[in-house]
Every structure is written in C-alpha cells, then in structure tokens.
Amino acid sequence: RKDSGADGLSQIRALAIGDTIPMNLWNLKMPVFNDSKGRTTISLSDYQNHKLIILDFWATWCTNCLESFPKLDKLKATFKNDFDVLLVNCKRTHDDQTRIDKVLQKYKDSYQLNVQFPYLVGDTIFNAVFPHRGIPHVVWIGNDRVVKAITYTTELQEANVRQILDGKKASFYMKDDFKYKVEDSVTTDTLKLFSSFLSKRREGIREMGVQIKEMGN
C-alpha cells in the first residue's frame, strides 16, 4: 500500500483560511478505508455535493480525537448531505491499518463507538497542505474549494456549522499551532503528550491536545 497522497502533486504549498484548494489537489485520488460506498480511493471532489467538508486529523493514541467522533456523527445526522467528514491519519502518527483496526474495534466494544466516516492512512499530502503541531486539528472546507476555518474539535458545534452553511464568515475560535513556540518540547522521533497546563490557553499549547515533535524539527 502506498502512502495516501504519495503521488499526484509535484509541488505542495501550505494553505491557510481563505485560500482556495488547487484543482490538482481537489481531484487527487487517495487510498481510503471504511468508506460506506465501498470506494477504495477518494478525492475532495467526491464531496462536491456537500456544502461543508471537514478534514479531521487524528491518531489512535489521541483520546480527544476519538471522543470527538460521536460529535461528528450528530452533526452529520443534523445537516445530512450539507455536511460530511474525511478522517485523516498522517504518516507521522506512526499508526498503521492493523493498529487502527484494533483500536477502533476496542472503542466499539467498550464504548459503542462505531466510526462511520472514511479515513486516510499514512497521509503526507494533507499534512503538508495543512501543517500543524498538535491534534485534534480540524480543517473546514466549502464545496467552493475555499478553506473556511481551522479549529480544534471543540468548535465542532451546530451553531458554527450553520454559520458556515449560511455563507457567513466564521466568527468562532481559530486554531494556530505556530503562533507561539513551544520551548519545552523535546527533539525525539516519538510523540510527546502535553497532558496539562495551568496557564491560559495559548495556541500550540493546549491542555486537550497532543503535541507532535519529530526528529530534526
């Protein structure tokens, strides 16, 4: 199996809120798992008929990521075809399909958490296009290909979704992992969990998030 997004783009440029998804990325087919329609590849253009597309970056070791999935289920039930989700598991999480299957089965058995959305495994493209230090990391994209918002999962609320669907500019809290430098993160080839902070919330340092730090960064 190839990494998701390993082919199809010669150059990758990071995108921000207000930017438009390039057509080559919009149409790029990537290997997908858990698709309800039985597809083995998927592209953002497959969501063209949905007004809002959510890219939810997650990992099996991110409890807050997993606990947000029922919230996405409820939003899907509320907004139906106007709203859809693509879960993105990046290569740098060190997850693989075997581990993902095991963890999702555990959550299904123990907490009745049944993940209904398709997901990418080993992604490198979206990770580069939407750079981030920590997860959960949520990218909101309209079917006009414009990036509407980048947030934590806490902003996945009905009122916020309705705001975007109504064509309004997002007025809720935005996530910016690079506003502050995390001085106490260590250089390692593993992932460091920042479990708690007593200070006010600062971008890049969040008590509910998981900080990702890689060798050489």
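What counts and what doesn't
Residues numbered from 1 in each chain as written. Predicted model: local features only at pLDDT ≥ 70, side-chain atom pairs only at ≥ 80, totals over all residues. Heavy atoms only, no water. Salt bridge = Lys/Arg side-chain N within 4 Å of Asp/Glu carboxyl O. Helix = DSSP H or I, 4+ residues; strand = E, 2+ residues; numbered from the N terminus. Buried < 20%, exposed > 50% of the residue type's maximum accessible area, 1.4 Å probe, protein only. Disulfide = S-S within 2.5 Å. Phe/Tyr/Trp six-rings, centres within 6.5 Å; stacked < 30°, edge-to-face > 60°. Polar contact = N/O pair within 3.5 Å; in protein donor to acceptor, adjacent residues only side chain to side chain.

Quick notes on the pattern of salt bridges
Applying the stated criterion across every chain, the model contains 8 salt bridges. A salt bridge links lysine 29 to aspartate 46, with the nearest nitrogen and oxygen atoms 3.2 Å apart. Separated by 17 residues along the polypeptide, lysine 29 in the loop between helix 1 (23-26) and strand 1 (30-31) and aspartate 46 in the loop between strand 2 (41-42) and strand 3 (52-57) bring together distant segments of the chain. A residue is classified by how much of its surface remains accessible, and aspartate 46, at 29% relative accessible area, is partly exposed. A salt bridge links arginine 99 to aspartate 95, with the nearest nitrogen and oxygen atoms 3.3 Å apart. Look at aspartate 95 and you get buried, because its relative accessible area is 10%. Among the charged side chains, a salt-bridge network with shared partners connects Lys29, Asp35, Arg39 and Asp46.

Quick notes on the state of the cysteines
Inspection of the entire model under this criterion finds 1 disulfide. Shown here is the disulfide that connects cysteine 62 with cysteine 65, its sulfur atoms set 2.2 Å apart. Measuring handedness by torsion sign, the sulfur bridge of cysteine 62 and cysteine 65 sits at about 75° and is right-handed. On the basis of relative accessibility, which here comes to 0%, the residue cysteine 62 falls in the buried class.

Details of the packing of aromatic side chains
Evaluation of the coordinates by the stated rule reveals 6 aromatic pairs. With a centroid separation of 5.5 Å and 70° between ring planes, the pair formed by tryptophan 58 and phenylalanine 69 is classed as edge-to-face. Highlighted residues: tryptophan 58 in the loop between strand 3 and helix 2 (63-67) and phenylalanine 69 in helix 3 (residues 69-79), separated in sequence by 11 residues. This pair shows no difference in class: tryptophan 58 is buried, exactly as phenylalanine 69 is. Arranged with centres 5.3 Å apart and planes meeting at 50°, the rings of tyrosine 107 and tyrosine 111 form a pair that is tilted.

Describing the side chain of lysine 175
Counting through the fold element by element, lysine 175 comes out in the loop between helix 6 (158-165) and strand 9 (210-211). Lysine 175 gets classed as buried once you look at its relative accessible area, which sits at 7%. A distance of 2.7 Å separates the side chain of lysine 175 from the side chain of aspartate 177, its partner in a polar contact.

Overview of unusual backbone geometry
Most peptide bonds are trans, and most residues other than glycine sit at a negative phi. Residue proline 136 is reached from isoleucine 135 by a cis peptide bond, and omega for that bond is 5°. Assignment of secondary structure puts proline 136 in the loop between strand 6 (134-135) and strand 7 (137-142). Of note in the backbone geometry, lysine 80 takes a positive phi value of approximately 50° without being a glycine. Along the chain, the position of lysine 80 falls in the loop between helix 3 and strand 4 (83-90). Relative accessible area serves as the criterion here: at 53%, lysine 80 is assigned to the exposed category. Phi angles above zero are rare outside glycine, and arginine 145 is one such case at about 75°.

The quantities given are spatial measurements derived from coordinates; they are silent on function.
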